[in-house]
Amino acid sequence: MAEVKSAEFKKASGRALRDEKLQHSLEHVMEHFVGARASVIENDFGDENWEAMRTRAAAIKQSTLEHLDYYLDMVDRSVRRNGGHVYFADDAAQANAIVLDIAKRNGVKTVIKSKSMVSEEMGINHILEREGIEPVETDLGEYIIQLAGETPFHIIAPAMHKTRQEVSALFQEWLKTAPTQDIKRLCVYARDALREKFAAADMGISGANFVVAETGTVCLVTNEGNGRMTTSAPRIHVVLAGMEKIVPAVEDLALFLRLLPRSATGQRITSYNTFVGGPRAPSDEDGPEEFHLVLVDNGRLNLLRDEVMREALRCIRCGACLNHCPVYRKIGGHAYGWVYSGPIGAIVTPPMTNMKVARDLPYASTLCGTCKDVCPVKIDIPRLLLHLRHKVAEGALGERSTTWMERLFVGQWHGAMRNRKALEGKANLGRLLTRPFARGGKVRKLPFAPMVSGWTASRDFPAPAPRSFARLWREELAHDNAHPNGTEQG
Amino acid sequence: MKVLRRLGVDVSFPEDQTCCGQIAFNGGFRSRAADVAKHFLDVFENEEQVVVPSGSCASMIKVYYRELFEDDPETLERAQAVGEKTREFSDYIVNVVGTSDVGAASEGLVTYHDACHLLRELRIKEAPRDLIGGVRGVELQEMENSDACCGFGGLFSVKFPEISTAILDEKLKTIAESGAGAVVANDCGCLMHIRGAMERRGMNICAMHLAELLAEDGTDG
Ligand code: SF4
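Rules used throughout
- Residues numbered from 1 in each chain as written.
- Chains lettered and ligands numbered in written order.
- Predicted model: local features only at pLDDT ≥ 70, side-chain atom pairs only at ≥ 80, totals over all residues.
- Heavy atoms only, no water.
- Domains from an automatic or database assignment.
- Salt bridge = Lys/Arg side-chain N within 4 Å of Asp/Glu carboxyl O.
- Helix = DSSP H or I, 4+ residues; strand = E, 2+ residues; numbered from the N terminus.
- Near = heavy atom within 4 Å.
- Nonpolar A, V, L, I, M, F, W, Y, C, P; charged D, E, K, R; others polar.
- Buried < 20%, exposed > 50% of the residue type's maximum accessible area, 1.4 Å probe, protein only.
- Polar contact = N/O pair within 3.5 Å; in protein donor to acceptor, adjacent residues only side chain to side chain.
- Contact = heavy atoms within 4.5 Å.
- Buried area = accessible area lost by both parts, 1.4 Å probe.
- Phe/Tyr/Trp six-rings, centres within 6.5 Å; stacked < 30°, edge-to-face > 60°.
- 1 Å grid on protein atoms, 1.4 Å probe; cavity = no way out; pocket = protein on both sides within 12 Å on 5 of 7 lines; lining within 4 Å.
- Points joined across faces, edges and corners; volume = space filled by probe spheres on them.

What follows covers the domain arrangement of chain B. It is common to give the size of an interface as the accessible area that goes away when the parts come together. All names here are of chain B. When its domains are assigned, chain B resolves into domain 1 (2-93) and domain 2 (101-215). For domain 1 and domain 2, the distance between their C-alpha centres works out to 23 Å. On the surface where domain 1 and domain 2 come into contact, there are zero salt bridges. Only helix H1 (2-6), helix H2 (22-27), helix H4 (55-68) and helix H6 (89-97) provide two or more residues apiece to the side of domain 1 that touches domain 2. Looking at the side of domain 1 that touches domain 2, the element that brings in the most residues is H4, giving seven residues.

What follows is the structure, encoded as C-alpha cells:
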C-alpha cells in the first residue's frame, strides 16, 4: 500500500504555505473551479433543483451501501454473465497480487493506465516495475506526476501544482524534448510519447467512476480520451474499483453524470463518458479479449462498519469539497500525506489507514461547513470529523492519541467550567499571569504557554478584562433591571 | 445587554453560567463536554428564553447537543427543550422581538462577516444585515466572499496557527478592500481572531460585535 505520511501534516503544510508558486497555482485553479461550478448550477438547475438532485443521489448511494452485500453479489453475476472475471481484494497487497498474476499469466510487458485513485492506494506502479513490467500513466496530469515521482495533488487535477516550466523540465529530462513554454507544444510531446505506449501495451488498467450492478457496466468519466484507449486498445482490461463505486441501475447514471462533472470542474459533461460492458463479443470488431474487475476493500470496511462513518463511502470523488475548503486552498494536497486530500481525505484517511498516524487530519479543519454544502452526495463532513476527533480523544486504546498537553488543558477546563467559583478563581490566576505581558489590553507574546504561543506569533490575544462580566453584573448591571419599559419578553 | 434593555427586554445573567462545552466537544472530548453541557442546562433550563451572542455557541446548543446526548435520552430531551428556546442575538431581535431598528446611531461604512456556524448551521444571514441597515448613519458595504471562513475554527487556530493565519489573510484583504471602517460579526471567536490580527498589523479598521455597534447611540462616535 502507498506509504502513509500523514504524521508529517504540520511540517508539510508549513512548507506548502511558504511556497509562493504553489500558493499562486492554488488560488487560480481553485477560484476557477469554484466559479465554474457555481455558474453552471445556477444556469442549469437553480438551487432548489440542485438540492433535490443531491438528496436523491445521497439516498441512492446510501441505500446501496446499506445493502452492499446484495449489490456486490449482483455485480459479480452481471460481470460474469458478460464474460468478465470478478475478484474481491481485502487489501492493497491482495489487489496487487491479483493484477500481477493476470499480467504474468499473459506475459505482459507494458501496462497503460488511465486515472485510478485505487491504484494510487495500492501503489501498484512500484510493484509492476519491480517485476520488470512498465506501467505508464496516460492521464496527462497523472503522467506528469509519474515522471516527477510524486502522488496526486488533487483528486481530479493531480498535477495542478506543476507550472509549465516544471513540466517542460520533466519532459526534457524523460522524453528528451526541446524546452518550451507553450502548453500546446507540451501536450503534443506527451501525446507523441503516449501514442507509442498505447500501441505497444498488452494490458490496460483503469479505475471506475461507477459500476452498475444490474448490467455489470463500468462507467468512466474523462476529459482526454485516454480512458477509452486504455479500455479498448490492449488485449487485457483490468478495472480497479473501490467496492463503494456501485450504483444499482443504469438509470442512476443519468443523475450521477449530471452531478459529477458540474461539481468537479463546472463542466456540463466531460469530453468522454466511457461505458465498458466486458470483453469483446464475437460480433465486436475490437475491444479487449479479457476483462477483469477487481473490487477493493482496503480499509473501506472500517468505514462501512461504523454507522456514522458509513456515509463517507457515498463519495464520488468530485473534488468539490477540496476546491471549497479554506484549509485545502492554502496547503494543497500533499500535506494530507496519503492518496486523498482535503475534507474527504481528512475523513477517510484515518479509518482506512491508521488512526494514530493520521491523528492530525480530523483536526485539520475549521469546521466551517462549506464542504457539506457543496458535496453532491451530501456527506456531512464536519459531523464525521467530529466523530473521528471523539475517537482520537476518547476512543478505544488503539485509536486514542492525544498529547498530555491537550489532556491537561481539557482537564483544567473541565474543572473550571462546571462551577462558576472555580472558573473565576482560574480567571483571576489568568489575569495575574498575563498581566506582565499585557499592553493596552493586548497580550503580544505569551512565552510560557506553548498552546497559546502559536496564536500570539501572528495575532494579539485579548488580555483578560480587569473584572469579569459576572462581577460587573453583580456590582452594577443587575441593579438596572428595573428598566422603565421592563416588560417580560418571551 | 444595553441593546436588549433598550428594547424593553427584561434581561438577567445567571451568575453560575460558564460555557456551552463546544471547545471540548470539538476537541473530541465528548464526556468532558457532556458534563459542562449539563451544567449549562442546569443553569438555563428554567429561563424563559436564552439569548446567545455567538453563532457557534448557539449552534452547539441548538444543533450539536443532539449529537452529544445521542445516547442519553433524558438529557437529550432537556437539551432539546433548551435548544428550542435558545436564539442567537440577531435572530432574537429581528424574529422574536420583531424589529430591525433598535434605536442605534453611529456613522460610516460597515462590512459584515458571515460567521460559519451562524450561516451554515443556523442559516442566519439576513437578520444581522437588517440590524446593521437599521442603524442610523451607517451603511452596509458588502465585502467579497463574506461567507468565506476567517480561519479561526476554535482549536484549529491554536493547533495550526500558520494555516489559520493564512486563511485569515484572505479575509483581512477582502475586509480592507471593502473600504469599510468597521467589520461586524456575530461570533466572539471570529472576532477575537480578526481583531487580534488587525491590531497586530496596525490596521485602521475596527472589528466589532453586532451588539457593540447596536449599543452605540451616536454620542461617542
Ligand atoms: S466528499 Fe463529496 S464533495 Fe468531496 S469529493 Fe466526495 S463527493 Fe465530492
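So, on to the site of the ligand. For the ligand, the full set of nearby residues is Cys-315, Ile-316, Arg-317, Cys-318, Gly-319, Cys-321, Ile-344, Cys-375, Pro-376, Val-377, Ile-379 and Ile-381 of chain A. Classifying every residue of the shell around the ligand by side-chain character gives 10 nonpolar, one polar and one charged.

The next subject is the side chain of Arg-317 of chain A. All names here are of chain A. Note on placement: Arg-317 falls in the loop between helix H13 (300-305) and helix H14 (320-324). Classification of Arg-317 by relative accessible area gives buried; the value is 10%. A distance of 3.4 Å separates the side chain of Arg-317 from the side chain of Glu-244, its partner in a polar contact. With near-sequence residues (within four places) excluded, Arg-317 lies in contact with Ile-155, Ile-156, Glu-244, Lys-245, Arg-300, Tyr-340 and Ile-344.

So, on to the interface of chain A and chain B. Counting residues at the interface gives 71 residues for chain A, matched by 66 residues for chain B. Taking both partners together, chain A and chain B bury about 6100 Å²; carbon and sulfur atoms supply 57% of that area. Connecting chain A to chain B are five salt bridges. In this structure, Glu-170 of chain B and Lys-330 of chain A form a salt bridge, with 2.8 Å as the shortest nitrogen-oxygen distance. The tally of links between chain A and chain B comes to 11 residue pairs in polar contact (both at pLDDT 80 or more). With nine residues, the top contributor of residues to the side of chain A that touches chain B is helix H19 (residues 404-417) of chain A.

Evaluated as defined, the whole model comprises 14 aromatic pairs over all chains. Plain terms: the ring middles of Phe-153 of chain A and Tyr-328 of chain A are 6.3 Å apart, the flat faces sit at 65° to each other, and that makes the pair edge-to-face. Here Tyr-328 of chain A lies in helix H15 (residues 328-331) and Phe-153 of chain A lies in the loop between helix H8 (140-148) and helix H9 (164-175), a separation of 175 residues in the sequence. For Phe-153 of chain A, a relative accessible area of 2% puts it in the buried group. These aromatic residues form a ring-pair network of at least three members: Phe-9, Phe-153, Tyr-328 and Tyr-336 of chain A together with Phe-156 and Phe-160 of chain B.

Moving on to the environment of Ile-98 of chain A. Residue and element names in this part refer to chain A. Among the secondary structure elements, Ile-98 is positioned in helix H5 (residues 92-105). Taking relative accessible area as the criterion, Ile-98 reaches 15% and is therefore assigned buried. Spatially, the C-alpha atoms of Ile-98 and His-292 are 9.9 Å apart, while their sequence positions differ by 194 residues. For Ile-98, the contacting residues outside a window of four places in its chain are Tyr-87, Phe-88, Ala-89 and Val-294.

Think of it this way: side chains of opposite charge can pair up when their charged atoms draw near. Evaluated as defined, the whole model comprises 38 salt bridges over all chains. A salt bridge links Lys-21 of chain A to Glu-166 of chain A, with the shortest nitrogen-to-oxygen separation between them at 3.1 Å. In this pair, Lys-21 of chain A is assigned in helix H2 (residues 20-44) and Glu-166 of chain A in helix H9, connecting sequence segments 145 residues apart. A salt bridge links Asp-42 of chain B to Arg-78 of chain B, with the nearest nitrogen and oxygen atoms 2.8 Å apart. With a gap of 36 residues between them, Asp-42 of chain B in helix H3 (residues 30-44) and Arg-78 of chain B in helix H5 (residues 73-84) connect regions that are remote in the sequence. For Asp-42 of chain B, a relative accessible area of 48% gives the class partly exposed. In this structure Arg-78 of chain B comes out as partly exposed when scored by relative accessible area, which is 25%. Each of Glu-311, Arg-314 and Arg-383 of chain A together with Arg-30 and Glu-67 of chain B takes part in one network of salt bridges that share partners.

It is worth spelling out the side chain of Ser-114 of chain A at this point. Residues and elements named next belong to chain A. Along the chain, the position of Ser-114 falls in the loop between strand S2 (110-113) and helix H6 (117-122). Residue classification places Ser-114 among the buried positions, given a relative accessible area of 2%. Apart from residues no more than four positions distant in its own chain, Ser-114 is found in contact with Thr-138, Ile-205, Ser-206, Gly-207, Leu-220, Asn-226, Gly-227 and Thr-230.

Once that is clear, we can look at empty space enclosed by the protein. Over the atoms, a rolled probe matching the size of one water molecule traces out where space is still vacant. All names here are of chain A. On inspection of all chains with the given rule, the structure shows five cavities of 30 Å³ or more. By volume, the second largest cavity amounts to about 110 Å³. Cys-325, Pro-343, Ser-365, Cys-368 and Cys-371 are, among the 17 residues lining the second largest cavity, the residues nearest its centre. Mapped onto the lining of the second largest cavity, the elements with two or more residues apiece are helix H16 (342-352), helix H17 (370-374) and helix H18 (381-394). The element that contributes the greatest number of residues to the lining of the second largest cavity is H16, accounting for three residues.

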